[in-house]
Amino acid sequence: MKRTQLFFATLLLSLAVLPVNGQAIERVDPPSWFTGMKNSSLQLMVYGKGIAASDVSADYPGVRVTTLVKTENPNYLFVNLDISPETLPGNIKLIFTNGKKSISHLYPLSEKPAGKARGINSSDVLYLLMPDRFVNGDPANDAVEGLTEQPDRSRPGGRHGGDLKGIINSLDYLKDLGVTAIWLNPFLENNQQRSSYHGYSTTDFYRSDPRYGTNEELRQLVSQAHDRGMKVVMDMIFNHIGSGHWWMKDLPSRDWIHQFDEFTRTNYKASTYMDPYAAKCDIKLMEQGWFDHSMPDLDQSNPLVETYLTQNSLWWIAYSGLDGIRMDTYPYPEPAMMSRWAKHVTGEFPGFFIVGEVWFDEPAQMSYWALGQENSDGYRSNLPSVTDFPLCFATHTAFTSPASSNDGVARLYSVLSQDFLYPEPLRNVIFLDNHDMTRYFTQTGKSLNVYKLGLSFILTTRGIPQVYYGTEIVMEGDKSKGDGDLRVDLPGGWAGDTKNVFTGANLTDEEKEAFDFTRNLLNWRKDKEVIHTGKLKHYITDDGLYVYFRYNKKESVMVILNSNDTKRQTITKEKYIESLDGFSKGHEVITGKTIDDLTSFEIEPKTAMIIELN
Ligand SMILES: [Ca+2]
Ligand SMILES: [Ca+2]
């Protein structure tokens, strides 16, 4: 029997046993586990009325109950198991005994997927999409009984009906577009009264929101992406949960979440954590204050919380085969725990990709969280990748501010010149915008030329580029109009849409031009090793002109970004002879034209040139 079949057979068996014998057990997390894990220990959170009074034993070869942990809440029992390396997949019979009464629970074990994680690196381009707003592949799941918020496409903050099926249906489109990995905004259950569409208020760590589809559909998405050579990144949030989480009706313990006499908000000042002069009260409020009224703050210093969250990550990776995790609000949970978590995940799945959302203005602040950084206070993040916000912010004015020695394109030069702070800057995720900020095209004042300059930069400089859905058709979105404006539905994703990005129907000339530009550049980048891992050399910006080279032993690419509004610029070989020596011609990627003589050539105003040298 194939592993997946066995898994489902055992899951069904397990569920079938519950109503007969297991009235007292309402829930066991994780819902299943895996053989062949490097760490042989597993901690089950068992929930049921009065369950803590039970003694527990396991009847299964290779599996034994080591200890039981109780909290002040009698409805929770934490069962520590040891699963020896030779244990085979099957159903562990767990026996809960209380006096003369005993109940059993069959707990499924399947085999951990073999092989090394594919990981994600600078040869990839991530496509960030919000499941509710991308494609509605199954209108039947727009409203689901038992979940509070109903669909309402008329409201920017309502649920619009997009789902996992819609993403699966769009994989060929994404592959053709030229992206190699998909980062989904969170898809776990968010059974909240309102604004549940964004997914950042988890109400069940082990269940896809049924309005997006089933866990099995997530697994299909990963599998079908892999069939196309693409990868999938899951968004996780460990700092907080949604106020509608099932724990909130009956907390496992008082110290499961940070509690205050009255609502207490975080100060959002993540820099306090590495600030050598920070007051303790500020650090404490940063870590323990709630992100919002509807987002209770988990206490990760509680070892039971730590284990729960860590196992949750391992479960999703082993269950679905996903390739990466994007961890939300990385500095907001207890940092020591997050460091242990990252080490644990990459230890269990070597090569697995994790990018932490680390939102700072300065490269120095960012670099504190980078892999391999040996901070003087002893902190080691173990985080494979960080989100490069300083570079993102620099792109917002790089091609629109008047050129000077420290503004305009000079900011790109300045931010990158601080890469000595990062042990491995190629690991940074780089982007023009995301779901939390005004879309790049809107930031540029709707300039297609600036848009092209921005994309040319982000797809040729160092790092792992991420593009936000809709960028390919210059979708607009203004943060001052509310978050919903940044997350509008992709045209063509809903039945009846007149404009359709998938067929090209009713796209404006500008949208078509943007699409072709983006698609060409993304597909060109796919196999350009020199862009993925080549060295970077850049020249001091001059009169609004930023020139850099990506090069390795085999190839060299020259990138010229002319931010001037009206000024055509002349490029001379002599000025860049350090990089151009030995080259006489070039192939310009965007126009497809050949440059026959590199001695002297011109670049138009507000234009990018990407030249493969030969
Ligand atoms: Ca739907
Ligand atoms: Ca926190």
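Residues numbered from 1 in each chain as written. Chains lettered and ligands numbered in written order. Predicted model: local features only at pLDDT ≥ 70, side-chain atom pairs only at ≥ 80, totals over all residues. Heavy atoms only, no water.

> Describe the overall build of the chain, naming the residues involved and giving the relevant values.
Counting its secondary structure elements, the chain contains 16 helices and 26 strands. Its C-alpha atoms give the chain a radius of gyration of 26 Å, near enough to 25 Å, the size a compact globule of 614 residues would have. The dimensions of the chain, computed from C-alpha atoms along their principal axes, are 90 × 55 × 50 Å. Out of the 614 residues belonging to the chain, those deemed buried represent 59%. If you take every contact in the chain between residues at least 6 apart in sequence, the share linking residues at least 24 apart comes to 71%. In the chain, 62 side chains carry a positive charge and 78 a negative one; their mean positions are 3 Å apart. (Helix = DSSP H or I, 4+ residues; strand = E, 2+ residues; numbered from the N terminus. Rg over C-alpha atoms; globule rule 2.2 N^0.38 Å. Buried < 20%, exposed > 50% of the residue type's maximum accessible area, 1.4 Å probe, protein only. Contact = heavy atoms within 4.5 Å. Lys, Arg positive; Asp, Glu negative; His and termini not counted. Charge placed at Lys NZ, Arg CZ, Asp CG, Glu CD.)

> Let's hear about the pattern of salt bridges: which residues, and what values?
A complete count under the given rule lists 39 salt bridges for this structure. For the salt bridge of Asp497 with Arg153, the shortest nitrogen-to-oxygen distance reads 3.4 Å. Of this pair, Asp497 sits in the loop between strand S18 (464-468) and helix H14 (509-525) while Arg153 sits in the loop between helix H2 (131-134) and helix H3 (164-169), placing them 344 residues apart in sequence. Owing to a relative accessible area of 21%, Asp497 belongs among the partly exposed residues under this scheme. Arg153 sits in the partly exposed class, given a relative accessible area of 40%. Salt-bridge contacts for Glu476 lead to Lys446; the nearest nitrogen and oxygen are separated by 3.5 Å. Here Lys446 lies in the loop between helix H12 (440-443) and helix H13 (448-458) and Glu476 lies in the loop between S18 and H14, a separation of 30 residues in the sequence. The exposure class of Glu476 is partly exposed, given its relative accessible area of 39%. (Salt bridge = Lys/Arg side-chain N within 4 Å of Asp/Glu carboxyl O.)

> Break down the nonpolar core for me, with residues and values.
Among the nonpolar cores identified, the biggest contains 161 residues, and Trp247 and Trp341 are the most heavily contacted of them. With ten residues, the single largest contributor to this core is helix H7 (residues 303-320). When neighbours within four sequence positions are excluded, Trp247 is seen to be in contact with Met45, Tyr76, Phe205, Ile241, Pro252, Trp256, Leu298 and Tyr308. Ile560, Ile571, Met609 and Leu613 belong to the second largest nonpolar core, which has 16 residues in total. (Core = buried A, V, L, I, M, F, W, Y, C linked by side-chain atoms within 4.5 Å.)

> Kindly report on the coordination of the calcium ion (ligand 1), identifying the contributing residues and their values.
Summarising the metal site, the calcium ion (ligand 1) is bound by the protein donors Asn136 (OD1), Asp138 (O), Asn141 (OD1), Asp142 (OD), Gly161 (O) and Asp163 (OD), whose distances to it range over 2.3 to 2.6 Å. Classification of the site at the calcium ion (ligand 1) as irregular follows from its six donor atoms and the range of 62 to 168 degrees in their angles at the metal. Expressed as a motif, the donor residue spacing for the calcium ion (ligand 1) is N-x1-D-x2-N-D-x18-G-x1-D. Here Asn141 matches Asp142 in class, with each residue buried. (Donors = N, O, S within 2.8 Å, 3.2 Å for Na, K, Ca; no water. Tetrahedral: all angles 85-135°; square planar, octahedral: opposite > 155°, others 65-115°.)

> Tell me what's going on with the coordination of the calcium ion (ligand 2), and back it up with residues and numbers.
Donor atoms from the polypeptide that coordinate the calcium ion (ligand 2) comprise Asn239 (OD1), Glu287 (O), Asp297 (OD), Asp297 (OD) and Tyr332 (O), at 2.2 to 2.7 Å from the metal. Spacing between the donor residues of the calcium ion (ligand 2) along the chain follows N-x47-E-x9-D-x34-Y. In this pair, Asn239 is assigned in the loop between strand S13 (231-236) and helix H6 (280-288) and Tyr332 in the loop between strand S14 (324-327) and helix H8 (335-348), connecting sequence segments 93 residues apart. A residue is classified by how much of its surface remains accessible, and Asn239, at 1% relative accessible area, is buried.

> Quick rundown of the pairing of strand S19 (residues 535-538)? Include the residues and the values.
Bridge count for S19 against strand S20 (residues 545-551) is four bridges, and the pairing is antiparallel. In the strand pairing of S20, Lys535 is matched with Tyr551. Linking two consecutive strands that pair antiparallel, namely S19 and S20, is a turn of six residues; a positive phi of about 55 degrees is found at Asp543 within it. (Pairing = 2+ DSSP bridges.)

> Run through unusual backbone geometry, naming residues and quoting values.
Across the junction of Asp29 and Pro30, the peptide omega takes the value -10 degrees, indicating a cis bond. Note that Pro30 resides in the loop between strand S1 (27-29) and strand S2 (33-35). Even without being a glycine, Tyr268 presents a positive backbone phi close to 55 degrees. Mapped onto the secondary structure, Tyr268 falls in the loop between S13 and H6. Residue Thr329 is not a glycine yet carries a positive backbone phi of 40 degrees. Locating Thr329 in the fold gives a position in the loop between S14 and H8.

> Please provide a residue-by-residue account of the confidence of the model for the chain, values included.
Here the chain shows a mean pLDDT of 95. Residues at 70 or above account for 96%. Long-range and interchain partners of residues 1-22, a stretch whose pLDDT sits below 50, account for 33 contacts in this model, where long-range means more than four residues apart. (pLDDT = per-residue confidence, 0-100.)

> Hey, could you go over the sheet that holds strand S17 (residues 429-431) for me, with residue numbers and the actual values?
Strand order in the open sheet formed by eight strands is S16-S15-S14-S13-S10-S9-S18-S17, with parallel pairing between adjacent strands. A single partner strand is all that each edge strand has here, and the edge strands are strand S16 (385-386) and S17. Note: strand S9 (residues 126-129) against S18, three bridges, orientation parallel. Along S18, the bridge assignment pairs Tyr127 with Val467. Across the sheet, H8 is in contact with S14 and strand S15 (353-356); its angle to S15 comes to roughly 160 degrees. (Axes fitted to C-alpha atoms, helices over the stretch in contact; angles between N-to-C directions.)

> Break down the side chain of Asp323 for me, citing the residues and quoting the values.
By secondary structure assignment, the location of Asp323 is in the loop between H7 and S14. Judged by relative accessible area, which is 2%, Asp323 ranks as buried. Side chain to side chain, Asp323 and His226 meet in a polar contact 2.8 Å long. One polar contact links the side chain of Asp323 to the main-chain amide nitrogen of Val232, over a distance of 2.8 Å. Other than its neighbours up to four places away in sequence, Asp323 contacts Arg118, Gly119, Ile120, His226, Met230, Lys231, Val232, Phe352 and Phe353. (Polar contact = N/O pair within 3.5 Å; in protein donor to acceptor, adjacent residues only side chain to side chain.)

> Let's hear about the packing of helix H5 (residues 215-227) against H7: which residues, and what values?
To describe two helices that pack against each other, one gives the angle between their axes and the distance between the axes. One way to put it is that H5 packs onto H7 with a least axis distance of 9 Å and a crossing angle of 60 degrees. Note on element contacts: H7 touches H5 through Trp315, Trp316, Tyr319 and Ser320, opposite Asn215, Glu216, Leu218, Arg219 and Val222. By residue class, the composition of the contact of H5 with H7 is five nonpolar, two polar and two charged. (Nonpolar A, V, L, I, M, F, W, Y, C, P; charged D, E, K, R; others polar.)

> Quick one: what's the story with the sheet that holds strand S8 (residues 101-111), residue by residue and with numbers?
Taken together, the four strands give an open sheet; going across it, the order is S2-S8-S7-S4, and neighbouring strands pair in mixed fashion. The open sheet has two edge strands with one neighbour each: S2 and strand S4 (55-59). Across this sheet, the average inter-strand angle for adjacent strands is 35 degrees, counted without regard to direction. In the sheet, S4 pairs with strand S7 (residues 90-98) via five bridges, with the strands oriented antiparallel. Residue pairing across strands places Val56 opposite Phe96, the latter belonging to S7.

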